[in-house]
Amino acid sequence: MERIEQHASFGGRQEVWKHASTTLGCEMKLAVYLPEPATRGQACPVLYWLSGLTCSEQNFITKAGAQAHAARHGVIVVAPDTSPRGDAVANDPAYDLGQGAGFYVNATQAPWAAHYRMQDYVALELPALVEQHFAASPLRGIFGHSMGGHGALVTALRHPGRYQSVSAFSPIVAPSQVPWGQKALGAYLGADREAWKAWDTVELIQMAREERLPLLVDQGDADEFLAPQLQPERLQAACEAAGHPLTLRMQAGHDHSYYFIATFLGDHFDHHGAALAAGPN
């Protein structure tokens, strides 16, 4: 672990680190906000933020205003990059596949399988790294935006008991049913659509038999991707059918941008803060 940025912020520190990932086989960057108690060595819960297509570790920490909320709740916030990177890592000229578009899955198809194991990185390697190097308690929450909202929901559902809370902004809830997801899942996982179901929130909700974490989802009704890519009504229907707790808030006039995220981010920190303060489920 090598720290490459450090900025004082709301009594704590916003840092950026790089490390050699054994899961991804490349160097990765991650942003870490440490509230004041964590800078003194006091163990704090950790919130993991997963960003969307084309993003890096920088977008959330520079645009969302998360530091003030993290300081208020006394939580560490970790924002990793969205994919493996580097000259040796497979890529695609399109914005929605390859570097910057890892989709938080474990790829099984060449040439992607060699590096694109973002699910194992986010759910396993990253928490182990954070809890080893920072004053992090074992209490965790996860949230994200768009592709990262998909990643947060899928990661929480695939790992029951690992997270105390989950939420999302504008998530891709049914990637097996929309163009973004069909392109990515087809490339990373192959043509077998049955294999895609393990990475689809709507499918996982229907199959869930264990702990049912309450879901908080915010979606702008002026989002250009609402009808073709996001389709939150699919999530609502799946949760109603399965009896899974969901708060879906359609926000009038809001689009897909970080202006939208910044507007409602405090509510998401409150959602996670209450669950993390309550301790293990």
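Above: the structure in question.
Here the structure is a predicted model, which is why all the values come from computation and not from measurement. (Residues numbered from 1 in each chain as written. Predicted model: local features only at pLDDT ≥ 70, side-chain atom pairs only at ≥ 80, totals over all residues. Heavy atoms only, no water.)

Let's talk about the pattern of salt bridges
Next, step 1: Scanning the model with the defined rule gives 12 salt bridges in all.
Next, step 2: Across the salt bridge formed by Glu 36 and Arg 40, the nearest N and O atoms sit 2.5 Å from each other.
Next, step 3: Classification of Glu 36 as partly exposed rests on a relative accessible area of 33%.
Next, step 4: One connected set of salt bridges, linked through shared partners, spans Arg 3, Arg 13 and Glu 15. (Salt bridge = Lys/Arg side-chain N within 4 Å of Asp/Glu carboxyl O. Buried < 20%, exposed > 50% of the residue type's maximum accessible area, 1.4 Å probe, protein only.)

Description of the sheet that holds strand β1 (residues 2–9)
Next, step 1: Here we have nine strands laid out as an open sheet, ordered β1-β2-β3-β5-β4-β6-β7-β8-β9, and mixed in their pairing. Strands at the two margins of the open sheet, each flanked by one partner only, are β1 and β9 (246–251). Across the sheet, the mean angle from the axis of one strand to that of its neighbour is 20 degrees, orientation sign disregarded.
Next, step 2: For β1 and strand β2 (residues 12–21), the ladder comprises seven bridges, and the chain directions are antiparallel. By the bridge assignment, His 7 is partnered in β2 with Gln 14.
Next, step 3: Of the strands in this sheet, β1, β2, β3 (26–34) and β5 (76–80) are in contact with helix α3 (residues 66–73), which crosses β3 at around 60 degrees.
Next, step 4: Packed onto the sheet, helix α11 (residues 258–278) meets β4 (44–50), β5, β6 (136–145), β7 (165–169), β8 (215–220) and β9 and runs at close to 170 degrees relative to β7. (Pairing = 2+ DSSP bridges. Helix = DSSP H or I, 4+ residues; strand = E, 2+ residues; numbered from the N terminus. Axes fitted to C-alpha atoms, helices over the stretch in contact; angles between N-to-C directions. Contact = heavy atoms within 4.5 Å.)

As for helix α4 (residues 118–133)
Next, step 1: Along its length, α4 reaches its greatest deviation from straightness, about 35 degrees, at Glu 125, and the proline Pro 127 lies no more than four positions downstream.
Next, step 2: Burial in α4 covers these residues: Met 118, Gln 119, Asp 120, Tyr 121, Val 122, Ala 123, Glu 125, Leu 126, Pro 127, Leu 129 and Val 130.
Next, step 3: For α4, the secondary structure elements touched by its buried residues are β2, β3, β4, β5, β6 and α5 (147–158). (Bend = angle between axes of the 7 residues up to and from the residue.)

Things to note about the nonpolar core
Across soluble globular proteins, nonpolar side chains show a tendency to be buried alongside one another.
Next, step 1: In terms of nonpolar packing, the biggest core is built from 66 residues, with Leu 30, Ile 76, Val 78, Phe 103, Val 130, Ile 142 and Tyr 188 touching the most fellow members.
Next, step 2: The leading source of residues in this core is α4, at seven residues.
Next, step 3: When neighbours within four sequence positions are excluded, Phe 103 is seen to be in contact with Leu 53, Thr 82, Asp 96, Met 147, His 150, Ile 172, Trp 180, Gly 181, Ala 184 and Tyr 188. (Core = buried A, V, L, I, M, F, W, Y, C linked by side-chain atoms within 4.5 Å.)

Comments concerning the packing of aromatic side chains
Next, step 1: Tallying each qualifying case throughout the model produces 12 aromatic pairs.
Next, step 2: Ring centres 5.4 Å apart and planes at 85 degrees place the aromatic pair Trp 112 and Tyr 188 in the edge-to-face group. In this pair, Trp 112 sits in the loop between β5 and α4 while Tyr 188 sits in helix α6 (residues 179–189), placing the two residues 76 residues apart along the sequence. Accessibility classification places Trp 112 together with Tyr 188 in one group, the buried group. (Phe/Tyr/Trp six-rings, centres within 6.5 Å; stacked < 30°, edge-to-face > 60°.)

Some remarks on the state of the cysteines
Next, step 1: Considering all chains together, one arrives at zero disulfides under this definition.
Next, step 2: For Cys 55, which is in no disulfide, the shortest distance to another cysteine sulfur is to Cys 26 and amounts to 17 Å. (Disulfide = S-S within 2.5 Å.)

Things to note about the environment of Val 16
Next, step 1: Within the secondary structure, Val 16 is located in strand β2.
Next, step 2: Looking at Val 16, the relative accessible area reads 1%, which means it is buried.
Next, step 3: Note: C-alpha distance between Val 16 and Gln 58 (42 residues apart in sequence) is 8.7 Å.

A closer look at unusual backbone geometry
Excluding glycine, a negative phi dihedral is what most residues carry, and trans is how most peptide bonds are arranged.
Next, step 1: Omega for the peptide link from Ala 110 to Pro 111 comes to 0 degrees, which places this bond in the cis form.
Next, step 2: Its place among the elements puts Pro 111 in the loop between β5 and α4.
Next, step 3: Backbone geometry at Tyr 104 places phi at a positive 55 degrees, although glycine is not the residue there.
Next, step 4: The backbone phi angle of Gln 231 is positive, close to 50 degrees, even though this residue is not glycine.
Next, step 5: In this fold, Gln 231 is placed in the loop between α9 (226–230) and α10 (232–242).

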